[in-house]
Amino acid sequence: MTRKLTAHLFSSVDGAVDAPYRYQFDSFDGGVAEAMTRQLAEVDAFLMGRVLYEEWSAYWPGNDDPEDFGAFINPVAKYVVSNTLQEPLAWQNSTLLHHDPMDAVRALKETEGGTISAGGITLIRSLIDHDLLDELLLTIHPALAGNGRRLMHGHDQVTRLELVEHEVTEKGNLVLTYRKRPRH
C-alpha cells in the first residue's frame, strides 16, 4: 500500500505562494483553520526542503501551545530534503534525506503509516515534476500580493489536475483540493 503524499499552500489570487503573512492576516478564518485541521488529522510525517526546515526549526521547537501548529509539528516525524544540511539535525524527530532524495521519497511512500504532508515551494515543485505528489491543497486568499514566488514559475510542462473538493469560507477564501488527472 502506498502512503498518500499531500501538500498545502496558501496563495494570493495572483498566484504568490511565498510569505503568506503578507496577504492572509485579515482573511484567515475558521473555515481555513478547519480545512487545515482536517488535512493534518491524517498526517503522521512531514516532508520539507532545507529553507522551510531552517525557518521552522528556528521558531517551532520552543512553541508547543496545544492550540498552535507547534503541538503538531514538533512531535511528528520530519524528513528533510537537502544536499547542504548535515546530520545530526537539531530539531527532534528530523531525518535528513540527501542521497537521491526523490528515490528516498518514493521509498518513504512505500512504508507503513498515514499521510505524508510536504512543505516548501521548491520541494513541492520537484515532487510534482517527479510525479510523487498525490494531492495539492491550495487555499487562495482574497488578496493580490503584487509580487512573490509562484509555485510553477518557469515550469514549461503542462500537468492536468482534477478538482476533488472545494469550499468557500466565510471571508472568501477558496480551499481547493486537486489531484493529478489520470491519463487516458
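Since the model is a prediction, treat every value here as computed from it, not as a measurement.

(A) Up close: the pairing of strand 2 (residues 43-49). Here strand 2 lies mainly inside the structure; six of its seven residues are buried. Direction of pairing for strand 2 relative to strand 5 (residues 115-119): parallel, over a ladder of five bridges. Opposite Ala45, over in strand 5, you have Ile116 as the bridge partner. Here strand 2 runs beside strand 3 (residues 77-81); their pairing, made up of five bridges, is parallel. The residue of strand 3 that forms the bridge with Gly49 is Val81.

(B) Inspection of the nonpolar core at higher detail. Leu5, Leu9, Leu47, Val105, Leu127, Leu133 and Leu151 are the most contacted members of the largest nonpolar core, which totals 24 residues. Contributing elements (two or more residues each) for this core: strand 1 (5-12), strand 2, helix 5 (101-109), strand 5, helix 6 (121-129) and strand 6 (135-141). A total of four residues in this core trace back to one element, the largest contributor, which is helix 6. When sequence neighbours within four positions are dropped, the list of residues in contact with Leu151 reads Leu9, Gly15, Val17, Ile121, Ile124, Arg125, Ile128 and Leu136. By size, the runner-up hydrophobic cluster in this structure holds 16 residues, among which are Trp60, Phe69, Val76 and Trp91.

(C) A look at helix 2 (residues 30-41). The end-to-end C-alpha distance of helix 2, which contains 12 residues, comes to 16 Å, matching closely the 16 Å that a straight helix rising 1.5 Å per residue would cover. Listed as buried for helix 2 are Gly31, Val32, Ala35, Met36, Gln39 and Leu40. Viewed along the axis of helix 2, the buried residues span an arc of 165°, placing them on a single side of the element. Of the exposed residues in helix 2, those oriented more than 90 degrees away from the buried face are Thr37 and Ala41. With a side-chain oxygen lying 3.1 Å from the backbone nitrogen of Gly31, the N-terminal cap of helix 2 falls on Asp29.

(D) Quick look at the environment of Ala107. Here Ala107 is to be found in helix 5. Relative accessible area serves as the criterion here: at 44%, Ala107 is assigned to the partly exposed category. In this structure, the C-alpha to C-alpha distance between Ala107 and Val51, residues 56 residues apart in sequence, is 23 Å.

(E) Inspection of the layout of surface pockets at higher detail. Size it by volume and the largest pocket reaches roughly 1,300 Å³. As for the largest pocket, its lining consists of 40 residues, of which Leu52, Glu55, Trp56, Gly119 and Gly120 are closest to the centre. Of all elements in the fold, only strand 1, helix 1 (21-24), helix 2, strand 2, helix 3 (50-59), helix 5, strand 5 and helix 6 reach the threshold of two or more residues within the lining of the largest pocket. In terms of lining residues, the second largest pocket is bounded by 17 residues, among which Gln39, Glu135, Leu137, Glu165 and Thr177 are the most central.

(F) Just the pattern of salt bridges, in detail. Counted under the stated rule, the structure contains 10 salt bridges. Among the salt bridges present, the one from Asp44 reaches Arg3, with a minimum N-O distance of 2.4 Å. In this pair, Asp44 sits in strand 2 while Arg3 sits in the segment before strand 1, placing the two residues 41 residues apart along the sequence. With a relative accessible area of 7%, Arg3 lands in the buried category. Across the pair Lys4 and Glu42 runs a salt bridge whose closest N-O atoms are separated by 3.5 Å. Separated by 38 residues along the polypeptide, Lys4 in the segment before strand 1 and Glu42 in the loop between helix 2 and strand 2 bring together distant segments of the chain. In the salt-bridge network here, residues are joined through shared partners; they are Lys4, Glu42, Glu135 and Arg179.

Thresholds applied
- Residues numbered from 1 in each chain as written.
- Predicted model: local features only at pLDDT ≥ 70, side-chain atom pairs only at ≥ 80, totals over all residues.
- Heavy atoms only, no water.
- Buried < 20%, exposed > 50% of the residue type's maximum accessible area, 1.4 Å probe, protein only.
- Helix = DSSP H or I, 4+ residues; strand = E, 2+ residues; numbered from the N terminus.
- Pairing = 2+ DSSP bridges.
- Core = buried A, V, L, I, M, F, W, Y, C linked by side-chain atoms within 4.5 Å.
- Contact = heavy atoms within 4.5 Å.
- Expected span 1.5 Å × (residues − 1).
- Arc of directions from axis to C-beta.
- Polar contact = N/O pair within 3.5 Å; in protein donor to acceptor, adjacent residues only side chain to side chain.
- 1 Å grid on protein atoms, 1.4 Å probe; cavity = no way out; pocket = protein on both sides within 12 Å on 5 of 7 lines; lining within 4 Å.
- Points joined across faces, edges and corners; volume = space filled by probe spheres on them.
- Salt bridge = Lys/Arg side-chain N within 4 Å of Asp/Glu carboxyl O.

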